[in-house]
Every structure is written in C-alpha cells, then in structure tokens.
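Structural characterization, general
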Amino acid sequence: MIHTNLKKKFSCCVLAFLLFAVICVWKEKKKGSYYNSSKFQAKGLQALKCLEKPAAGSESQSASLSSTQDPHRGSQAPSSLRGPAKAKREASFQVWNKDSSSKNLIPRLQKIWKNYLNMNKYKVSYKGPGPGVKFSAEALRCHLRDHVNVSMVEATDFPFNTSLWEGYLPKENIRTKAGPWGRCAVVSSAGSLKSSQLGQEIDSHDAVLRFNGAPTANFQQDVGTKTTIRLMNSQLVTTEKRFLKDSLYNEGILIVWDPSVYHSDIPKWYQNPDYNFFSNYKSYRKLHPNQPFYILKPQMPWELWDILQEISPEKIQPNPPSSGMLGFQVGEKMDV
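This write-up is about the structure you can find in this document. (Residues numbered from 1 in each chain as written. Predicted model: local features only at pLDDT ≥ 70, side-chain atom pairs only at ≥ 80, totals over all residues. Heavy atoms only, no water.)

**Focus: the overall build of the chain**
Within the chain, the secondary structure is distributed over 15 helices and 5 strands. Residue burial in the chain is summarised as follows: out of 336 residues, 32% are buried. Accessible surface for the chain amounts to roughly 21700 Å². Of this, 57% is attributable to carbon and sulfur atoms. (Helix = DSSP H or I, 4+ residues; strand = E, 2+ residues; numbered from the N terminus. Buried < 20%, exposed > 50% of the residue type's maximum accessible area, 1.4 Å probe, protein only. Areas by Shrake-Rupley, 256 points an atom, 1.4 Å probe, with all protein chains shown as cover.)

**With respect to the packing of aromatic side chains**
Counted under the stated rule, the structure contains 22 aromatic pairs. Residues phenylalanine 160 and phenylalanine 278 carry aromatic rings whose centres are separated by 6.2 Å and whose planes lie at 65° to one another, so their mutual orientation is edge-to-face. With a gap of 118 residues between them, phenylalanine 160 in the loop between α7 (137-147) and α8 (174-178) and phenylalanine 278 in helix α13 (residues 278-287) connect regions that are remote in the sequence. Accessibility expressed as a relative area gives 2% for phenylalanine 160, which makes it buried. Of the residues examined, phenylalanine 278 reaches a relative accessible area of 6% and is grouped as buried. Measuring from ring centre to ring centre gives 5.8 Å for tryptophan 165 and tyrosine 281, while their planes differ by 45°; the resulting arrangement is tilted. Residue tryptophan 165 is found in the loop between α7 and α8, and its partner tyrosine 281 is found in helix α13; the two are separated by 116 residues along the sequence. (Phe/Tyr/Trp six-rings, centres within 6.5 Å; stacked < 30°, edge-to-face > 60°.)

**Describing unusual backbone geometry**
Omega for the peptide link from glycine 130 to proline 131 comes to 0°, which places this bond in the cis form. By secondary structure assignment, the location of proline 131 is in the loop between α6 (107-119) and α7. If you check the backbone angles, asparagine 212 has positive phi at about 45° while not being a glycine. Mapped onto the fold, asparagine 212 is located in the loop between β2 (207-211) and α10 (220-223). On the basis of relative accessible area, asparagine 212 is assigned to the buried category, the value being 19%. Of note, histidine 263 is a non-glycine position whose phi angle comes to about 55°, a positive value.

**A few points about the sheet that holds strand β4 (residues 253-257)**
To summarise the sheet geometry, strands pair through backbone hydrogen bonds and adopt either a parallel or an antiparallel arrangement. One open sheet holds the 5 strands; their spatial order is β1-β2-β3-β4-β5, and the pairing between them is parallel. Each of the sheet's edge strands pairs with one partner strand only, and the pair in question is β1 (184-186) and β5 (293-295). Averaged over neighbouring strand pairs, the angle between their axes works out to 20° when direction is ignored. Strand direction decides the pairing type here: β1 and β2, joined by 3 bridges, are parallel. Residue pairing across strands places alanine 185 opposite valine 208, the latter belonging to β2. (Pairing = 2+ DSSP bridges. Axes fitted to C-alpha atoms, helices over the stretch in contact; angles between N-to-C directions.)

**Some points on helix α14 (residues 299-311)**
The terminal C-alpha atoms of α14 lie 19 Å apart, and with 13 residues this matches the ideal 18 Å at 1.5 Å per residue to within 8%. Residues of α14 that are buried: Met300, Pro301, Trp302, Leu304, Trp305, Asp306, Ile307, Gln309 and Glu310. (Expected span 1.5 Å × (residues − 1).)

**Examining a nonpolar patch on the surface**
On the surface, Leu15, Phe17 and Leu18 cluster together into a nonpolar patch covering about 340 Å² of accessible area. Relative to the helices and strands, leucine 18 is located in helix α1 (residues 2-30). (Patch = residues over 30% accessible without salt bridge, like charges linked within 9 Å, V, L, I, M, F, W, Y side chains within 5 Å. Salt bridge = Lys/Arg side-chain N within 4 Å of Asp/Glu carboxyl O.)

**Some thoughts on the pattern of salt bridges**
Applying the stated criterion across every chain yields a total of 4 salt bridges. Linking lysine 121 and aspartate 274 is a salt bridge whose minimum nitrogen-to-oxygen distance equals 3.3 Å. You can see lysine 121 sitting in the loop between α6 and α7 and its partner aspartate 274 sitting in the loop between α12 (266-271) and α13, a full 153 residues away along the chain.

**Some thoughts on the environment of phenylalanine 211**
As for its position among the elements, phenylalanine 211 is in strand β2. Separated by 112 residues in the primary sequence, phenylalanine 211 and serine 323 have C-alpha atoms spaced 7.0 Å apart. Ignoring sequence-local partners within four residues, the contact set of phenylalanine 211 consists of Val186, Val187, Ser189, Arg230, Leu231, Ser323, Gly324 and Gly327. (Contact = heavy atoms within 4.5 Å.)

**Remarks on the packing of α7 against α14**
Their axes nearest at 10 Å, the elements α7 and α14 cross at an angle of 150°. In terms of axis orientation, α7 runs roughly antiparallel to α14. The hand of the α7/α14 crossing is right-handed. When α7 is examined against α14, the residues Leu140, His143, Leu144 and His147 are found in contact with a partner set consisting of Glu303, Leu304, Ile307, Glu310 and Ile311. For the contact of α7 with α14, the class distribution of residues is 5 nonpolar, 2 polar and 2 charged. (Parallel < 35°, antiparallel > 145°, perpendicular 65-115°, else oblique. Left-handed = near helix turned anticlockwise from the far one by under 90°. Nonpolar A, V, L, I, M, F, W, Y, C, P; charged D, E, K, R; others polar.)

**Section: the side chain of arginine 210**
Examined against the element boundaries, arginine 210 turns out to sit in strand β2. This buried residue, arginine 210, is left without a salt bridge; aspartate 203 holds the nearest opposite charge, at 4.2 Å. Of note is the side chain of arginine 210, whose polar atom sits 3.0 Å from the side chain of threonine 227. Leave out the neighbours within four places in its chain, and arginine 210 touches Val187, Ile202, Asp203, Thr216, Val223, Gly224, Thr225, Lys226, Thr227, Ile229, Arg230 and Leu231. (Lys, Arg positive; Asp, Glu negative; His and termini not counted. Polar contact = N/O pair within 3.5 Å; in protein donor to acceptor, adjacent residues only side chain to side chain.)

**Quick word on the pairing of β4**
The element β4 is largely enclosed, with a buried count of 5 among its 5 residues. Side chains of β4 alternate between two faces, with Ile253, Ile255 and Trp257 and Leu254 and Val256 buried alike. The handedness of the strand β3 (residues 229-233) to β4 crossover, carried by helix α11 (residues 234-239), is right-handed. Taken together, the 3 bridges between β4 and β5 define a ladder with parallel strand orientation. Within β5, the position partnered with leucine 254 by the bridge is phenylalanine 293. (Right-handed = clockwise from strand over helix to strand, strands pointing away.)

Here is the structure:
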C-alpha cells in the first residue's frame, strides 16, 4: 500500500515537472525575439567600446569634469564617484571621434554606405582638391566667403523672365532688403533647445534665422519670438498642406531652396526640380504680395558641398547640404 502511494506521488511530481518545463519553453519562445535583440545590443556595445581609445589618466579627468560641471555637488563629488556614479561612468563610451572613419563600421554597414555613395542621385562628379585639405578657422571662413555665392533667383534669369513669372519674384535684392546686420542668430530646430531658456538671448540679435516649420508659439522662453529669415526646403512648400494658411510663415523673409543635379544651371534645374514647388510659391505670393519670398539659386548648395568634400577626410554623401548647413552660410553672408 505504501509502495503504491509512493508511485502515485512520484508520478504527480513527474507530471508537475513536465508541465513546468512546457510552460518555461513556451515563455522562452515568446520572449525569443527580446533575448536575441538584447544579445545583439550587448555585442554592439562591446564592439563600440573596442573603438574607444582610452587615454592615460581618464579616470582622474572624468572625476574632475564631474565635479566642475555640477555646482550642486561641491566637495561631495569625489566621494560620490565611489558609488553608482562610478559604475555609470565606466559604462559610458565614445562612439565617434576625430580619428574615426567609415573603416570603423561593421562590414554590413560599410556595404550599405558604399551602395549609397554609388546611387549618386544628383550625378555628382567632384573634381576638386581633397578630401582632407586642412584650413585654419579663419582661412576656412575666407574660403567659404570667396567660393560660395549666396544669391537668389532674379527676374532676369530665364525662365523667370517670361510672362509666366511676371510680378512674382521680389523686386529688391535680398541684401538690400535684409541687411546689413551686426549679429545673426541661427536657431536650430532640434528638441535640445527645449528648457534652454535662450529665448531672450536669441531675440537680442539683429537678425534671427529659422528653418522649415520650426514653431515659436509655446516655446518663446527657449527659442524666442523674432523671425527675420525662414529658410525652407522645397518639400515643405510643396507638400505641407498648412503652408498657405499657417500664420507661422507670415513673418520675416522667406527663402525656399530645391536640390538640383550637381551644378545644374537654372534652366536645367527648372525643367527637373526635386520638388515642383513653383505652383505653391505663386499661390503664396498672391496671398502675401508684400512679404519678401526668395528662391535660392540651385548652384549655391553645391558650391557649399564642394568645400565640405574638400575638407572632409573621406568621401561624403553625394547629396546637397541640409537646410541647417545652408542656413549657417546664409547667416554668415548677412552678418557683417
């Protein structure tokens, strides 16, 4: 009788164990993707750590930096490094530095990068100096000034001198309308400006340049309220449904730019724009005939790109620079 009871108990234990094993296997399968992604991330972190070049005395430098950057720590900062802060610092790593290059990428990303370069949508055929030409900061500034012509399409440029465009382009040159200014603030559209409390500082400049649809309402303390120039890409002007109605665009001078094939002249670009914004441009001008609204010449972005390629240590994407990069150059030209 006792022997039979032991058999029953043993059978129950085996069944319970099997049931538990089945449940565990099911959970593992359900969470498999999570564990795989975690494992991949861990390997990625390990690989990135290998790219970092540890400097002698980095521990002491980190401790000094931590104590000086946070005024609330005071004399307690060094002792706090012995706790969780030290572990946090040891887990940090540098992803990219001045000695990094595309060679640091894993083979799969190198292949993607090379394929992207080979796509060459804008038919770039750079023949200039570089890459890797060295300039001092002042020499580079002069180089940009001499080789990048920040100019707008004029009513005398074909086909803008035809009856289809009569009365649409501003009559005054942008330099006459806009400047000169003593100080310009080029305001990023990045979320990092939130809580910066830089609004008053930004508005204290003679001119403030903003980009695309970056708002000021509800963010005045961080980004200011003044808008002297708003530089927009042609995609926004073409596809943004609110462009013709939103009062955001009604302040200051508007400039729109559109990518062209590498160093195309105006007639060639006009026949094949990246975004056909011309209809919306005319519509806006009809609604706001007194607001200056300029079209950036298509050659200017590529003149800037040539210099970026010249000073870069290796080949860069064969795409025109971003609105932000163009904005810095526009601000530089207007800042006298």
